[in-house]
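Architecture and fold: a report
Read off the chains here:
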Amino acid sequence: MKLEVKSTDKKANLTNLKLKNKKTIATLGILSSLILFSGCSKEQPKNITPELNTKDTISTEDSNYQETDEVILEGTVYETTESSELDNMFVSKDTVVEIPEKYDDYVITSISNNAFGESIEEIIIPSTVNSIAVSAFEKSTSLRKITVDKSNLAYLSSSDGILYSYDMTELVRCPMDYESPTVQLPEALEKINTNAFRNCRAIQEINLTSNITDIGDYAFYGTGLSEITIPKTIKNIGTRAFYSCANLTTVNYNAEYSTYKSDNVLSLILSNYNCFGKNVTKLTIGDTVKTIPNYIFARLNFAEVVISSTVESIGSYAFYGCKNLTSMKLANGSNLLSIGESAFSGCSQLKSIELSDKLNTIGASAFSSCSSLASVMLPEALTTLSN
């Protein structure tokens, strides 16, 4: 099968590169998806040859992944035909893909979403690549190793095949078929990117190092973790960061000041999405915690929670819909000042709750639909009781 790409726009732009009609474009096709880059090389890349047809699935960073007869690149439509100028570029059966630095004198600098297929076990990234989309490897269920050219100044790979930023402050992607049950993270690491460990099902244990401040959206989604400790330094936790971890039963939460990027209230209520999945039965809140973020523990299945004395505020919807929660206790010397809107709403088994003598604010519907809660003793310090 050969592929010809013809522009329907004589001045079509591809990553700021003007292309003429019938000009071979800078695309890297593997299985049913593409890598977009600002150029390609006339030299044939090693281990790679094409097997594309007009029904191949095409993806770009800004378009939906779908079946189509057209290739959509940066908003420009390109038609595919059976006759070809561009051939022998990729073969779907190959397990190793080495991306060339150039094609047709255009330098390859970026990799787009859903760029690689299921059969690939190793990807070799050249020195020229300086941008990789967050979902570039999401179709690569067999991927075991990512290798980066040593001359690359944007990325590097560890000895176990994990992709990092060049200074190792960001973990970009762990291969989905990573075989070890444990991961050792570098001390320099500050951010775990969106999708970094998504669907790495073999991973059962990970120690989040002391300099990490950010955990991206879906970062540990679908992993085999059974327990996770959130360190004091964490400032931001992304949407559904630990969702769909079927074995995750224990959460040790120690973040001093953190925020959780929930989908929204509607998805929380109607779709049951949350941060840690549905199987957490044990929650420990450490004595370094000052604030419990909005939505963070919603819809978990633990039966009891003890709020440490250092906690000053409980965010809106923080424990929303925890239907197995029967009691909320405060550690001695509690400094709890405020409970947010709907913080315990929908905790239908909640029978007892302790409130701090210092508590001055209770948000709207904080204990709504707590049908088993017979009474609550309000402290004298309370100045705001919404609804």
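Here the structure is a predicted model, which is why all the values come from computation and not from measurement.

What counts as what
- Residues numbered from 1 in each chain as written.
- Predicted model: local features only at pLDDT ≥ 70, side-chain atom pairs only at ≥ 80, totals over all residues.
- Heavy atoms only, no water.
- Helix = DSSP H or I, 4+ residues; strand = E, 2+ residues; numbered from the N terminus.
- Buried < 20%, exposed > 50% of the residue type's maximum accessible area, 1.4 Å probe, protein only.
- Contact = heavy atoms within 4.5 Å.
- Areas by Shrake-Rupley, 256 points an atom, 1.4 Å probe, with all protein chains shown as cover.
- Core = buried A, V, L, I, M, F, W, Y, C linked by side-chain atoms within 4.5 Å.
- Pairing = 2+ DSSP bridges.
- Axes fitted to C-alpha atoms, helices over the stretch in contact; angles between N-to-C directions.
- Disulfide = S-S within 2.5 Å.
- Phe/Tyr/Trp six-rings, centres within 6.5 Å; stacked < 30°, edge-to-face > 60°.
- Lys NZ or Arg CZ within 6 Å of the ring centre and 35° of its normal.
- pLDDT = per-residue confidence, 0-100.
- Patch = residues over 30% accessible without salt bridge, like charges linked within 9 Å, V, L, I, M, F, W, Y side chains within 5 Å.
- Salt bridge = Lys/Arg side-chain N within 4 Å of Asp/Glu carboxyl O.
- Polar contact = N/O pair within 3.5 Å; in protein donor to acceptor, adjacent residues only side chain to side chain.

To continue, consider the overall build of the protein chain. Counting its secondary structure elements, the protein chain contains one helix and 36 strands. The 387 residues of the protein chain split such that 52% are buried. Within the protein chain, contacts between residues separated by at least 24 positions form 46% of all contacts whose residues are at least 6 apart in sequence. Only carbon and sulfur atoms are counted for the fraction: they give 43% of the accessible area of the protein chain, which is about 17200 Å².

Attention now moves to the nonpolar core. Counting 72 residues, the largest nonpolar core has F197, F242, F276, F319 and F344 as the members making the most contacts within it. At the level of elements, strand 24 (227-230), strand 26 (250-253), strand 28 (282-285), strand 30 (304-307) and strand 32 (327-330) are the ones that each hand at least two residues to this core. One finds I120, I125, A136 and V148 within the second-largest nonpolar core, a separate group that totals 19 residues.

All right, on to unusual backbone geometry then. Located in the positive-phi region is D105, a residue other than glycine, with phi close to 70°. Its relative accessible area of 56% is what places D105 among the exposed residues. Here the phi dihedral of Y317 falls at roughly 60°; this positive angle occurs in a residue that is not glycine. As for its position among the elements, Y317 is in the loop between strand 31 (313-314) and strand 32.

Relative to strand 32, strand 30 runs parallel, the two sharing four bridges. Paired with I307 across the strands is L330, a residue of strand 32. Where strand 32 meets strand 34 (residues 352-353), two bridges bridge the pair, whose relative direction is parallel. Along strand 34, the bridge assignment pairs S327 with S352.

Moving on, we come to the sheet that holds strand 25 (residues 236-237). Think of a sheet as strands paired side by side through backbone hydrogen bonds, with each pair either parallel or antiparallel. A sheet is described by the order of its strands in space; here seven strands give the open sequence 17-18-19-21-23-25-27, paired in mixed fashion. The open sheet has two edge strands, strand 17 (155-157) and strand 27 (259-260), and neither has a second partner.

Turning our attention to the sheet that holds strand 10 (residues 96-98). Ordered by their spatial adjacency, three strands build an open sheet running 10-14-16, and the pairing between neighbours is parallel. The open sheet has two edge strands with one neighbour each: strand 10 and strand 16 (145-148). Averaged over all pairs of adjacent strands, the angle between their axes in this sheet comes to 10°, without regard to strand direction. Bridge count between strand 10 and strand 14 (residues 122-125): three bridges; the pairing is parallel. By the bridge assignment for strand 14, V97 is matched with I123.

Our focus in this paragraph is the state of the cysteines. Scanning the model with the defined rule gives zero disulfides in all. With no disulfide partner, C174 has as its closest neighbouring cysteine sulfur the one in C200, 4.0 Å distant. What makes C174 buried here is its relative accessible area of 0%. This cysteine, C347, is not joined by any disulfide, and C322 carries the nearest cysteine sulfur, 5.0 Å off.

The next point concerns the packing of aromatic side chains. Tallied over the full model, the rule gives 15 aromatic pairs. Judged by centre distance (5.5 Å) and plane angle (15°), the rings of Y295 and Y317 are stacked. Here Y295 is found in the loop between strand 29 (291-292) and strand 30, whereas its partner Y317 is found in the loop between strand 31 and strand 32, with 22 residues between them in sequence. For the pair shown, Y295 and Y317 are each scored as buried. Both rings, one in Y317 and one in Y320, keep their centres 5.6 Å apart while their planes meet at 55°; by these two values the pair is tilted. Lying across the ring of Y218, R198 places its NZ or CZ 4.6 Å from the centre. Geometry around Y221 places R198 over its ring, the cationic atom sitting 4.6 Å from the centre.

Quick look at the confidence of the model for the protein chain now. For the protein chain, the average pLDDT comes to 79, and 75% of its residues sit at 70 or higher. Low pLDDT, under 50, characterises residues 1-92; the stretch is placed with 244 contacts to residues that sit more than four places away or in other chains.

Residues V376, L378 and L385 make up a contiguous nonpolar surface patch of about 230 Å² in total accessible area. Among the secondary structure elements, L385 is positioned in strand 36 (residues 384-385).

Mapped onto the elements, N252 comes out in strand 26. One polar contact links N252 to T229, side chain to side chain, over a distance of 3.2 Å. Those residues in contact with N252, other than ones at most four positions away along the chain, are E227, I228, T229, I230 and T284.

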